[in-house]
Amino acid sequence: MKKYLITLIPVLFLGWYPPKNGMGKEHTELQSVAGLDEDLKPTDAQYKAQAVAVRLLSNFHYRKIKLDDSLSSVILDKYIKDIDPGKLYLYQADLEQFEKYRYSFDDFILKGELDVPYEIYNLYRKRWKERSTYIQTLLSDPKLLDFTGDETLDVDRENAAWAASEQELNDVWRKYIKNEALDLKLTGKVDTATVSMLRDRYKNRDRGLARIRTEQAFQTYFNAYAESLDPHTDYMSPVLADRFKQDMSQSVEGIGALLREDGNYIKIVDIIPGGPAFKSKYFQKEDRIIGVAQGDAGKMVDIVGWFVDDAVKLIKGPKGTTVRLQILSADALPNSPPREYRLVREKVKLEEGRAKKEILSVSNGNKVYKVGVIMVPSFYRDFEGVQKKEKEYASTTRDVQNLITELKGEGVDGLVIDLRNNGGGSLVEAVSMTGLFIGKGPVVQVKEATGDTEVQSDTDPMIAYDGPLAVMVNRFSASASEIFAGAIQDYKRGVIIGEPTFGKGTVQTLADLNQWAKGEQLGQVKLTIAKFYRINGSSTQLKGVTPDLLLPNAYKEHEFREEAQTSALPWDQIGSTRYEETGNVNEKMMSWLNDNHENRLQSDEELKQLVSDLESFRSARDNKIVSLQEGKRKKEREEAEKKRAALAQLNDEAGEEEDDSDTTPKKNKKDVYLTETGRVVADMVALIHEPSLADVSRKNKR
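This section reports on the structure supplied with the text. No experiment lies behind these values; they were computed from the predicted model shown. (Residues numbered from 1 in each chain as written. Predicted model: local features only at pLDDT ≥ 70, side-chain atom pairs only at ≥ 80, totals over all residues. Heavy atoms only, no water.)

A word on the overall build of the protein chain
Which entries qualify depends on this criterion: Only DSSP runs of H or I with at least four residues qualify as helices, and only runs of E with at least two residues qualify as strands; both kinds are numbered from the N terminus onward. Whether a residue is buried, partly exposed or exposed follows from its accessible area with a 1.4 Å probe, protein chains only, as a fraction of its type maximum: under 20%, in between, or over 50%, in that order. When checking whether two residues touch, look at their non-hydrogen atoms; a contact exists if any pair is within 4.5 Å. Throughout, the Shrake-Rupley method with a 1.4 Å probe supplies accessible areas, and for residues the shown protein chains are the sole cover considered.
Along its length, the protein chain carries 21 helices and 19 strands. Evaluated residue by residue, the protein chain yields a buried proportion of 57% over its 702 residues. Excluding contacts between residues fewer than 6 apart, the proportion of contacts in the protein chain whose partners are at least 24 apart in sequence is 77%. For the protein chain, the exposed surface amounts to about 29,800 Å²; the carbon and sulfur share of it is 48%.

Structural data, given as structure tokens:
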């Protein structure tokens, strides 16, 4: 079996992205930073890296897209968006100037030219410096802290028009900084402290601008091309490739979270099972870290606008020491304040990131059923232990099999495999774990760029568990999780419950460009080389796995999923491989389960409240307009906190008594979704024992 890289690979530095809220600095100090006034220029190594990477992508990338005028237009738009995503620096006239190059980027890439991309990047740096001058003036204006006027700010500028004049852009920035100042004031800071913090924040951002070197400019430009092929293909310069290997592993030793820059923020892109962040249950993917403090009494350092390597240095630290983080959650409303959490640093304990079990007691009619739950945070496999032929190497399949044996010994009536937030891992483990629930047979198909398709199968006829089964998934279940869930669904072996999964059905490999250079460091490329297909022929790409039974959720359909990426590879279908359905999840059973679930949504007070709160929460998130008037803003923030608190009481995100400085890991909190899944399994058990229940239900419906 071939080895494939199938996890949601977090990239430490996918090109440099300017912050949405801009940067500012005293003009005199800005000019004194070495190299800031010098235009960036490409190096000989970058010309070579571009030539090698283009050949590599043209010949081996799964997606065979011709480098022509059509792709050139896409590259230009992406390059500009990556440079100035908030439309806070460049003017409409600048965009009009770039139009003459719209259909030339394919020629630039094929001919190895870099002058125009650097011309655009250098103009952006010039505009940034101009903004810095204005921001410094603004921070000296006492009117900035006057929050009596009835003004508003649209915090979402994705569809905003580019500023037509300096005056127009100044007004946008005035509102943005006023918004930041009001946020700080509402946390209790006095005016002098507010201005001081804003000055420090913008000074730091300007230092970031001064640190931008030619390799970041090249990487940003070349990734506008690479990521136009698909969102999981990218180039990393030599220095940043080293950071990917070093800083990421170092971050694991701190809190166990993988980080990257995203616009103005440091974002959590993955949480390592077994680490402090994972065990605390405070965090989720896409959360943003805006402040870091040392110990229980250290000053909170604002890290908005920081580079990720600087942020990691602040977050990591000696084992046993304490770090406090200010977090803006992924689902925070525009007016939600950050929340502060305390973690004790330690190395990731792999054993704590392994599969675990618990038992739910579920009432169904006059009976109480015992439902076993196995939480699988990732598909882990100790490949080094396998090579050394160690008997007890870490294996998801072995752990799950042992837990099944224990649960069967405890007399469970049904089983839940919880794959929520499981971003993937070992393909070998996904295939073999599927084999615990089916006889031998195909599990997944892998189609390579050449068109060749390989079927990967479980060859062990042993079945560890043949009883009622449910698999829980959400939009952060990806790759190997989707392979397992898809196979269980195709074999009709169990019921998939939750929300549509992430939809990453592609395979990547890392290519070191240095092997084509003589003593030079050119960096590396991660490129997509294959695609996953279910045994029924449907790709897991883009669509992911659609549950048999949908649970209510707080997000829009495409939010935080592969579908949100404009360059994502499309869904398609190939021929089905031969397999035999071995389960009993049929149309009759699903009708019975869905009817019971819908009845509970209408009658169960917790579920009714959850649906109501989710609808209210989604509506509030759609409103991106915030008030800049202090009184109205306080009211908006109070309403936002009420909505968040209402949801927190109904799921495992928070407990009943949590405040902004919670220091206790969230254990044994209510999980409405798991409770409802347990009820579904109990329904399955009841129906299997008494099949006539479904007939009675259908008769009552008529």
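Next comes the rest of the account.
Let's talk about the packing of aromatic side chains
We count it as follows: Any pair of Phe, Tyr and Trp rings, taking the six-membered ring for Trp, is counted once the centres come within 6.5 Å. Such a pair is stacked with planes under 30 degrees apart, edge-to-face with planes over 60 apart, and tilted for the rest.
For the structure on display, the rule yields 22 aromatic pairs. Aromatic pair phenylalanine 283 and tyrosine 341: ring centres 5.8 Å apart, planes at 90°, arrangement edge-to-face. Of this pair, phenylalanine 283 sits in the loop between α11 (276-280) and β5 (288-294) while tyrosine 341 sits in strand β8 (residues 339-344), placing them 58 residues apart in sequence. Like phenylalanine 283, the residue tyrosine 341 is buried in the burial classification. Between the aromatic rings of phenylalanine 379 and phenylalanine 484, the centroid separation amounts to 6.4 Å while the plane-to-plane angle is 45°, which identifies the pairing as tilted. Here phenylalanine 379, found in the loop between β10 (367-375) and α13 (383-387), pairs with phenylalanine 484, found in helix α16 (residues 480-490); they are 105 residues apart in sequence, far enough to count as distant. For the pair phenylalanine 379 and phenylalanine 484, a shared accessibility class is recorded, and that class is buried.

Some remarks on the pattern of salt bridges
Applied cut-off: Salt bridges, as used here, are contacts in which a Lys or Arg side-chain nitrogen is within 4 Å of a carboxyl oxygen on Asp or Glu.
Going through the model one piece at a time under the given rule, you end up with 38 salt bridges. The residue aspartate 490 makes a salt bridge to arginine 534 at a minimum N-O spacing of 2.6 Å. Taken together, the residues span a long stretch of sequence, with aspartate 490 in helix α16 and arginine 534 in the loop between β17 (524-533) and β18 (549-550) at a distance of 44 residues. Comparing aspartate 490 with arginine 534, the two get one shared label, buried. With a shortest N-O distance of 2.9 Å, glutamate 676 and arginine 600 are connected by a salt bridge.

Remarks on the side chain of arginine 600
Rules: Pairs of N or O atoms are called polar contacts if they sit within 3.5 Å, as long as, within protein, a hydrogen donor faces a hydrogen acceptor (for residues adjacent in sequence, only side-chain-to-side-chain pairs).
Turning to its location among the elements, arginine 600 is positioned in helix α17 (residues 587-603). Of the polar contacts made by the side chain of arginine 600, one reaches the side chain of glutamate 676; its length is 2.9 Å. With near-sequence residues (within four places) excluded, arginine 600 lies in contact with Leu607, Glu676, Arg679, Val680 and Asp683.

A few points about the nonpolar core
Rules: Only buried residues count toward a nonpolar core, which is a set of Ala, Val, Leu, Ile, Met, Phe, Trp, Tyr and Cys residues joined through side-chain atoms within 4.5 Å.
Membership of the largest hydrophobic core comes to 74 residues, with the highest contact counts inside it found for Phe105, Ile177, Phe222, Tyr225 and Leu513. Considering each element in turn, this core owes the most residues, 11 residues, to helix α6 (residues 115-139). Those residues in contact with phenylalanine 222, other than ones at most four positions away along the chain, are Gln50, Ala53, Val54, Leu57 and Tyr235. Counting residues in each nonpolar core, the second largest holds 39 residues, with Ile404, Met433, Val443 and Val446 among its members.

Description of the sheet that holds β18
The pairing of strands in a sheet comes from backbone hydrogen bonds and takes either a parallel or an antiparallel form. Going by this rule: At least two bridges found by DSSP between two strands are what make those strands a pair. Axis definition: a line fitted to C-alpha atoms, limited for helices to the stretch in contact. Angles are taken between N-to-C directions and run from 0 to 180 degrees.
In space, the 6 strands of this open sheet follow the order β9-β10-β11-β14-β15-β18, with mixed pairing throughout. Both outer strands of the open sheet, β9 (356-364) and β18, are each paired with one neighbouring strand and no more. Both strand β15 (residues 495-498) and β18 contribute to a ladder of 2 bridges, which runs parallel. Bridging from a neighbouring strand, isoleucine 497 pairs with leucine 549 of β18. Where α16 meets the sheet, its contacts fall on β11 (414-418), β14 (469-473) and β15, and the angle it forms with β14 comes to roughly 145°.

Overview of unusual backbone geometry
Positive phi, normally seen in glycine, also occurs at leucine 542, with a value near 75°. Mapped onto the elements, leucine 542 comes out in the loop between β17 and β18. Phi at phenylalanine 560 takes a positive value of approximately 60°, unusual for a residue other than glycine. With respect to the element layout, phenylalanine 560 can be found in the loop between β18 and α17. Taking relative accessible area as the criterion, phenylalanine 560 reaches 18% and is therefore assigned buried.

Concerning helix α14 (residues 396-409)
Formally: Multiplying 1.5 Å by the residue count of a helix minus one yields the expected span of that helix. Within this analysis, the arc is defined by the directions that extend from the helix axis to the C-beta atoms.
Along its 14 residues, α14 runs 20 Å from first to last C-alpha, staying within 8% of the 20 Å computed at 1.5 Å per residue. Residues Thr396, Thr397, Asp399, Val400, Leu403, Ile404 and Leu407 constitute the buried set of α14. Buried residues of α14, seen end-on, are gathered within an arc of 160° and therefore sit on one face of the element. Away from its buried face, by an angle of more than 90 degrees, α14 presents the exposed residues Thr405 and Gly409. Turning to α14, the residues buried within the fold contact β9, β10, β11 and α15 (427-434). The distance from a side-chain oxygen at the start of α14 to the backbone nitrogen of threonine 397 is 3.4 Å, and the residue carrying that oxygen is serine 395. Just downstream of α14, glycine 411 is the residue with a positive phi angle, here 75°.

Side note on the pairing of β15
Note the cut-off: Consider the strands pointing away from the viewer: the crossover is right-handed when the path from the first strand over the helix to the second runs clockwise.
Burial along β15 is two-sided: Val495 and Ile497 and Ile496 and Gly498, pointing in opposite directions, are all buried. Bridge count between β14 and β15: 4 bridges; the pairing is parallel. Bridge pairing in β15 places alanine 470 opposite valine 495. Handedness of the β-α-β unit built from β14, α16 and β15 comes out right-handed.

Concerning the environment of alanine 226
Tracing the sequence through the fold places alanine 226 in helix α9 (residues 214-229). With 151 residues separating them in the primary sequence, alanine 226 and isoleucine 75 have C-alpha atoms 8.8 Å apart.

Side note on the pairing of strand β12 (residues 441-448)
Where burial is concerned, most of β12 is hidden: 7 out of the 8 residues are buried. Here β12 pairs with strand β13 (residues 453-458) via 6 bridges, running antiparallel. Looking across to β13, one finds that lysine 447 is bridged to threonine 453. Counted between consecutive antiparallel strands, the loop separating β12 from β13 contains 4 residues, among which glycine 451 sits at a positive phi close to 100°.

Notes on the side chain of glutamine 46
On the secondary structure map, glutamine 46 appears in helix α2 (residues 44-60). Polar side-chain contacts of glutamine 46 include one of 3.2 Å to the side chain of threonine 214. Setting aside its immediate chain neighbours within four residues, glutamine 46 contacts Lys41, Leu114, Tyr118, Thr214, Glu215 and Phe218.

Concerning the environment of valine 386
In this fold, valine 386 is placed in helix α13. Residue classification places valine 386 among the partly exposed residues on the basis of a relative accessible area of 29%. Setting aside residues no more than four positions away along its own chain, valine 386 makes contact with Arg381 and Tyr393.

Some thoughts on the packing of α17 against helix α20 (residues 672-689)
What counts here: Small angles under 35 degrees read as roughly parallel and large ones over 145 as roughly antiparallel, with 65 to 115 read as roughly perpendicular and the rest as oblique. In this scheme the handedness of a crossing depends on how the near helix is turned from the far one: anticlockwise by less than a right angle means left-handed, clockwise means right-handed. As a working rule, the residues Ala, Val, Leu, Ile, Met, Phe, Trp, Tyr, Cys and Pro are called nonpolar, Asp, Glu, Lys and Arg charged, and the rest polar, with Gly in that last group.
Running from N to C, α17 and α20 point in directions that differ by 135°, and their axes come no closer than 10 Å. As judged from the angle between their axes, α17 and α20 are oblique. Read as a crossing pair, α17 and α20 show a hand that is right-handed. Every residue of α20 that contacts α17 at Met589, Trp592, Leu593, Asn596, His597 and Arg600 is listed here: Glu676, Arg679, Val680, Asp683, Met684, Leu687 and Ile688. Looking at side-chain class alone, the contact of α17 with α20 contains 7 nonpolar, 2 polar and 4 charged residues.

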